[in-house]
Amino acid sequence: MTSEHPIPALALLLAVLLGGAALSGCASLERGEPSGHSGRDAGGAGPDAAAPADAPSFGADVHPILLASCGDCHGPGGDERDALALGEDPDADYDAIVRLSDADDPEGSRLLRLASGNGHRRVIAAGSPDYLVIAAWMAGGEQP
Ligand code: HEC
């Protein structure tokens, strides 16, 4: 009966000692945390800032569509190079196409209006996959 008391007392003492050790451990962890947090925040800005990288790019996505869709007439050897001249090098064509694009209103852009048949023959139908890639490229900030 009486021998049962020392055990809870010992347990309490151990709990206090372990608690104290745990507290000091926490304190040192907390001291280390601020740098850990700021490191994570700095790393977190990377993926967020890189979000536009998910948007289509001119060289990889848009230029191949334009060459395939418009190249017969406006590409190398085409008859309509006075109106728009496209070549094999995306960098060389980027400025001319950006002049026809509108990041704030892709569907209202000269490029997509012409391509979808507004004042021009329809080459890329509104709402088609190619049309949507070009619209997403504009809305995504016209990545080169
Ligand atoms: C079958 C031939 C043909 C194809 C394919 C073609 N075009 Fe044209 N394009 C023309 C002709 C002809 C003109 C000049 C007369 C006119 O404006 O319609 C022209 C004119 C243009 C102009 C200048 C007129 C303006 O209003 O700025 C642009 C820009 C243009 N095309 C863009 C494109 C784009 C972008 C594509 C592909 C999505 C394309 N074209 C596909 C024949 C074509």
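Our subject is the structure that appears above.
Basis of the calculations
- Residues numbered from 1 in each chain as written.
- Predicted model: local features only at pLDDT ≥ 70, side-chain atom pairs only at ≥ 80, totals over all residues.
- Helix = DSSP H or I, 4+ residues; strand = E, 2+ residues; numbered from the N terminus.
- Expected span 1.5 Å × (residues − 1).
- Bend = angle between axes of the 7 residues up to and from the residue.
- Buried ≥ 20, exposed ≤ 12 C-beta atoms within 10 Å, placed from the backbone.
- Contact = placed C-beta atoms within 7 Å.
- Near = placed C-beta within 6 Å.
- Nonpolar A, V, L, I, M, F, W, Y, C, P; charged D, E, K, R; others polar.
- Core = buried A, V, L, I, M, F, W, Y, C linked by C-beta atoms within 7 Å.

### A few points about helix α2 (residues 58-74)
- Across its 17 residues, α2 extends only 17 Å between first and last C-alpha, which sits more than 12% below the 24 Å expected from 1.5 Å per residue.
- Along its length, α2 reaches its greatest deviation from straightness, about 45°, at A68.
- What α2 keeps buried is the set F58, V62, H63, L66, C70 and H74.
- Packed against the buried residues of α2 are α3 (90-99) and α5 (129-139).

### Focus: unusual backbone geometry
- In this model, E142 sits at a positive phi of 55°, which is unusual for a non-glycine residue.
- Structurally, E142 is set in the segment after α5.

### With respect to the site of the ligand
- Close contacts around the ligand come from 18 residues, with C70, C73, A83, A115 and V123 the closest.
- Breaking the shell around the ligand down by element, the ones donating at least two residues are α2 and α4 (110-115).
- For the shell around the ligand, the element with the highest residue contribution is α2, accounting for 6 residues.
- A per-class count over the shell around the ligand returns 11 nonpolar, 4 polar and 3 charged.

### Structural notes on the nonpolar core
- With 15 residues, the main nonpolar core has L112 and I134 as its most contacted residues.
- With 5 residues, α5 is the largest single contributor of residues to this core.
- In this view, L112 contacts P106, E107, Y131, I134 and A135; residues no more than four positions away in its chain are not counted.

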